[in-house]
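Reading the structure
Here's the letter readout for the chains.
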Amino acid sequence: MKRLTEEEFNRFAKLIYDESGIFLKDTKITLLSNRLRKRLQALDIAEFSDYYNYLQSLPSKEKALEYEKMLDVVSTNETFFFRNERHFDALSQVCLQEIAKVKTDRTLRIWSSACSTGEEPYTIAICVKESMHLFSGWDIEILATDIAPSVIQFANIAEYSGRRIEKVPTEILKKYFTQKKGDPSVYVVNDDIKKMVTFYYHNFFKSVFPKDIDIIFCRNVMIYFDKRHQVELVAKFYQCILDHGYLFIGHSETLHSISEDFSYRKILEAPVYVPNPRR
Ligand SMILES: C[S@@+](CC[C@H](N)C(=O)[O-])C[C@H]1O[C@@H](n2cnc3c(N)ncnc32)[C@H](O)[C@@H]1O
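For clarity, every value in this text was computed on a predicted model and none was experimentally measured.

Here the protein chain is described as being made up of domain 1 (6–74) and domain 2 (85–275). For domain 1 and domain 2, the distance between their C-alpha centres works out to 29 Å. Each partner contributes residues to the interface: domain 1 has 10 residues there, and domain 2 has 13 residues. Of the roughly 960 Å² buried at the junction of domain 1 and domain 2 (both faces included), carbon and sulfur atoms supply 51%. Applying the counting criterion to the domain 1 and domain 2 interface returns 1 salt bridge. One salt bridge in this structure joins glutamate 19 and lysine 206, with 3.9 Å as the shortest N-O distance. When residues of the side of domain 1 that touches domain 2 are traced back to their parent elements, those giving at least two are α1 (6–20) and α4 (60–74). Top contributing element to the side of domain 1 that touches domain 2 by residue count: α1, with 4 residues.

Moving on: the environment of arginine 86. Tracing the chain through its elements places arginine 86 in helix α5 (residues 85–102). Taking the C-alpha atoms as reference, arginine 86 lies 26 Å from lysine 211; in sequence the two are 125 residues apart. Contacts of arginine 86, omitting those with residues within four sequence positions, involve His251, Leu268, Glu269, Ala270 and Pro271. Polar side-chain contacts of arginine 86 include one of 3.0 Å to the backbone oxygen of glutamate 269.

Close contact between helix α2 (residues 29–43) and α4 brings their axes to 8 Å; oriented N to C, the two are set at 140°. As far as their axial angle goes, α4 and α2 are oblique. The two elements α2 and α4 cross, and the hand of that crossing is right-handed. Each of Leu32, Arg35, Leu36, Lys38, Arg39 and Leu43 in α2 lies in contact with α4, whose residues at this interface are Glu66, Lys69, Met70, Val73 and Val74. In terms of residue class, the contact of α2 with α4 is made up of 6 nonpolar, no polar and 5 charged.

Pairing between sheet strands relies on hydrogen bonds along the backbone, with the strands arranged either parallel or antiparallel. Strand order in this open sheet of 3 strands is β3-β5-β4, and the pairing throughout is antiparallel. Every other strand in the sheet has two partners, leaving β3 (159–160) and β4 (177–180) as the edge strands with one partner each. As defined by bridge partners, β3 adjoins strand β5 (residues 183–189) across 2 bridges and the pair is classed as antiparallel. In the sheet register, tyrosine 160 faces β5, and the bridge partner there is tyrosine 187.

Strand order in the open sheet made by the 7 strands is β6-β2-β1-β7-β8-β10-β9, with mixed pairing throughout. At either margin of the open sheet sits one strand with a lone partner, and together these are β6 (197–201) and β9 (262–267). The sheet shows a mean angle of 25° between the axes of neighbouring strands, direction not considered. Inspection of the sheet shows strand β1 (residues 107–113) paired to strand β2 (residues 139–146) by 7 bridges, in the parallel sense.

The rules we used
Residues numbered from 1 in each chain as written. Predicted model: local features only at pLDDT ≥ 70, side-chain atom pairs only at ≥ 80, totals over all residues. Heavy atoms only, no water. Domains from an automatic or database assignment. Contact = heavy atoms within 4.5 Å. Buried area = accessible area lost by both parts, 1.4 Å probe. Salt bridge = Lys/Arg side-chain N within 4 Å of Asp/Glu carboxyl O. Helix = DSSP H or I, 4+ residues; strand = E, 2+ residues; numbered from the N terminus. Polar contact = N/O pair within 3.5 Å; in protein donor to acceptor, adjacent residues only side chain to side chain. Axes fitted to C-alpha atoms, helices over the stretch in contact; angles between N-to-C directions. Parallel < 35°, antiparallel > 145°, perpendicular 65-115°, else oblique. Left-handed = near helix turned anticlockwise from the far one by under 90°. Nonpolar A, V, L, I, M, F, W, Y, C, P; charged D, E, K, R; others polar. Pairing = 2+ DSSP bridges.

What follows is the structure, given as structure tokens:
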């Protein structure tokens, strides 16, 4: 089985870093070889160096498309419903309640950034649905974005099984999912939840950010970026979050030494960040 040489690894790692902010240590050489091999097979290219040259030779539109496909195979998309449940307790029992109290324009905009295969935004949608008594007549939008086109496709199909749904409480599974005909181990998200979420492609370091967001989820992705990109990303979040907003990051992530625009607030055992007053 072919493996990247050190020099090839460095060239691809730089390309990936420049395009996505994803920083690959040189210990990731086998992982990157395995992931890139999928593109080589799809294009019927034998050597990693030929794939690199092929990428460079493409006209700009085709190059952008192939970069998307390359980042698609390179990205790590691990996720599941109700991942880190404490976040969703905080969301349901505190954040949504507070927003319902303070907002006068009756709009709720939540952004699941780096949403992967959709489990996170659908979990958010379920929490909002369960709190619907607070938002009757409100205009509700849940945006869900990712850099990997294939995960967005998967999310739009909204069929889940196994580990992905292990943490869904039984009553929630019954209420918001339907077992697939012919394959009862697969659970399909019901339309009332599906239609609450809008999925689209978004690269943190190339795409325009949405505006006026009440709640941002950005969990388990900053770990893939170096400090420069983490600082840039959180500064952009500060620009698009509303004053009363909340930012959820992964439980192994921190904004310490990354941003002074947000303050840490522990809500029901969940680590949450709130924006500091604008200067
Ligand atoms: C491990 S998943 C996290 C999924 C979910 N947020 C969770 O916590 O369960 C990380 C996701 O970040 C996405 N990602 C990586 N770099 C990105 C970038 N520059 N812009 C947007 N998404 C990115 C990957 O495609 C991947 O789906």
